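The lines below spell out each chain.
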Amino acid sequence: RIAYVNGRFQRHDLAAVHIEDRGFQFADAIYEVWAVRKGELLDAEGHFDRLDRSLGELRIAHPVTRAALTIVIRELIRRNRIGDGLVYLQISRGRARRDHGFPPPGTRPTLVLTTKRLDLDAVAGRAAQGVSVISVPDQRWARCDIKTVNLLPNTLAKQAARDAGAYEAWQVDADGFVTEGTSSNAWILTADGALVTRPADHAILHGITRATLIRVATSAGYRLEERPFTIAEALEAREAFLTSATNFVMPVTRIDGRPVANGEPGSVSAELRQAYLAAV
Ligand code: PMP
């Protein structure tokens, strides 16, 4: 396996960043994930656009142009012979003596790229079954719209889900509304046929899959309500599902051990999953 670190393709098991990297010390770094299908990036531009936005919000200089980055990513996919999988990118503010304030201008950001193979048949199998989620209090910071590696609350929530035998944790804000999953956005289909997902505010990551599915679903004639919903409302819903770059549209059939509708994956989730895959 090959990784890319600051301009060099390296053996993955030897690839390293410095102990005084801002990402390691302060989570002063952003990341991005693209799904790869048949060797091609899915929804590539949306993820590049979000990457630019994340960097801008943290005032980290872009280490390379989009064109150069695209070439490097393609080369990494080729070297690792990724058919189906994902590309992970991380950019930190770079290496500097530990000090909370930003390092001196000219400090070179750290750029890291890795790939991972994914068994998309297994993902499809999971989608046919549906997944369980648990609800947990949202303990994250106030700018979850920036895709930073500040992910400790997300990891604790995901582990809580695993410990409970569930696939994902839906985080709930202080007012009782679902924000999102630990690495996915949350949706329901109401009894009267509206698709509901939280607005893309500061409380959630603006999922690229979410944005694409909004376009796909509205052009397929679905009514969209961008508003927060509660766990109680989700349990009353006709269907529930989550979206992310690597899950696409994943039906949620149980929440906190209780079934959503009849506990089976719904037809709209399945239809939207196909429509999403066709679109990307
Ligand atoms: N929310 C969070 C917190 C995430 O980490 C992710 C995946 N990175 C998502 C939502 C889904 O975003 P996307 O559709 O762009 O993968």
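Rules behind the numbers
Residues numbered from 1 in each chain as written. Predicted model: local features only at pLDDT ≥ 70, side-chain atom pairs only at ≥ 80, totals over all residues. Heavy atoms only, no water. Helix = DSSP H or I, 4+ residues; strand = E, 2+ residues; numbered from the N terminus. Buried < 20%, exposed > 50% of the residue type's maximum accessible area, 1.4 Å probe, protein only. Contact = heavy atoms within 4.5 Å. Areas by Shrake-Rupley, 256 points an atom, 1.4 Å probe, with all protein chains shown as cover. Pairing = 2+ DSSP bridges. Core = buried A, V, L, I, M, F, W, Y, C linked by side-chain atoms within 4.5 Å. Expected span 1.5 Å × (residues − 1). Arc of directions from axis to C-beta. Domains from an automatic or database assignment. Buried area = accessible area lost by both parts, 1.4 Å probe. Salt bridge = Lys/Arg side-chain N within 4 Å of Asp/Glu carboxyl O. Polar contact = N/O pair within 3.5 Å; in protein donor to acceptor, adjacent residues only side chain to side chain. Nonpolar A, V, L, I, M, F, W, Y, C, P; charged D, E, K, R; others polar.

Here the focus is the overall build of the protein chain. For the protein chain, the count of helices and strands is 8 helices and 14 strands. C-alpha extents for the protein chain along the principal axes are approximately 55 × 40 × 35 Å. Counting all 280 residues of the protein chain, 50% fall into the buried class. Expressed as a percentage of contacts within the protein chain between residues at least 6 apart in sequence, the contacts between residues at least 24 apart total 70%. Accessible area of the protein chain: about 13,200 Å², with a carbon and sulfur share of 52%.

So, about the pairing of strand β9 (residues 185-189). For β9, the buried fraction is high: 5 of the 5 residues fall into the buried class. The alternating pattern of β9 places Asn-185, Trp-187 and Leu-189 and Ala-186 and Ile-188 on opposite faces, both of which are buried. Both β9 and strand β12 (residues 239-244) contribute to a ladder of 5 bridges, which runs antiparallel. Counted as the bridge partner of Trp-187 is Phe-241 from β12. Two elements, β9 and strand β10 (residues 194-197), share 3 bridges in a ladder whose sense is antiparallel. Bridged to Leu-189 within β10 is Leu-195. Taking the residues that link successive antiparallel strands as the turn, the β9-β10 hairpin has 4 residues, and the phi of Gly-193 there is positive, at about 90°.

It is worth spelling out the nonpolar core at this point. In terms of nonpolar packing, the biggest core is built from 39 residues, with Trp-170, Leu-195, Leu-213, Phe-229, Val-252, Ile-255 and Leu-272 touching the most fellow members. Considering every element that reaches this core, the biggest residue donor is strand β13 (residues 248-255), with 5 residues. Setting aside residues no more than four positions away along its own chain, Ile-255 makes contact with Val-133, Trp-170, Ile-231, Ala-234, Leu-235 and Val-260.

Moving on, we come to helix α3 (residues 66-79). The end-to-end C-alpha distance of α3 is 20 Å, a good match for the 20 Å that 14 residues give at a rise of 1.5 Å each. Where α3 is concerned, the buried positions are Leu-69, Thr-70, Val-72, Ile-73, Leu-76 and Ile-77. With its buried residues spanning 165° around the axis, α3 presents them on a single face. Facing away from the buried side of α3 by over 90 degrees, the exposed positions are Ala-67, Ile-71, Arg-74 and Arg-78. Just downstream of α3 lies Arg-81, where phi reads positive at about 50°.

This part covers the domain arrangement of the protein chain. Considered domain by domain, the protein chain is made up of domain 1 (2-118) and domain 2 (123-279). Each partner contributes to the interface: domain 1 provides 21 residues, whereas domain 2 provides 18 residues. Buried area between domain 1 and domain 2, both sides added, is near 1,700 Å², and the carbon and sulfur share of it is 63%. Applying the counting rule to domain 1 against domain 2 returns 2 salt bridges. With a shortest N-O distance of 3.1 Å, Arg-143 and Glu-57 are connected by a salt bridge. There are 6 residue pairs in polar contact (both at pLDDT 80 or more) connecting domain 1 and domain 2. Elements represented by at least two residues in the side of domain 1 that touches domain 2 include exactly β3 (29-37), α2 (44-58) and β5 (85-92). Class assignment for the residues of the side of domain 1 that touches domain 2 results in 11 nonpolar, 4 polar and 6 charged.

Within the secondary structure, Asp-145 sits in the loop between β7 (131-137) and α5 (152-163). Residue Asp-145 is classed as buried on the basis of its relative accessible area, which comes to 0%. Sequence spacing of Asp-145 and Gly-266 is 121 residues, and the spatial spacing of their C-alpha atoms is 29 Å. Among all residues touching Asp-145, those that are not within four sequence positions of it are Arg-53, Asp-201, His-202, Ile-204, Leu-205 and His-206. One polar contact links Asp-145 to Arg-143, side chain to side chain, over a distance of 2.8 Å.

Quick look at the pattern of salt bridges now. This structure, assessed with the given rule, holds 23 salt bridges. One salt bridge in this structure joins Glu-45 and Arg-66, with 2.7 Å as the shortest N-O distance. Taken together, the positions of Glu-45 in helix α2 and Arg-66 in helix α3 put the pair 21 residues apart, joining distant regions of the chain. Overall, the relative accessible area of 45% leaves Glu-45 in the partly exposed class. Here Arg-227 ties to Glu-233 by a salt bridge, and the two come within 2.8 Å at their closest N and O atoms. Overlapping salt bridges, with partners in common, bring together Asp-192, Arg-223, Glu-225, Arg-227 and Glu-233 in one network.

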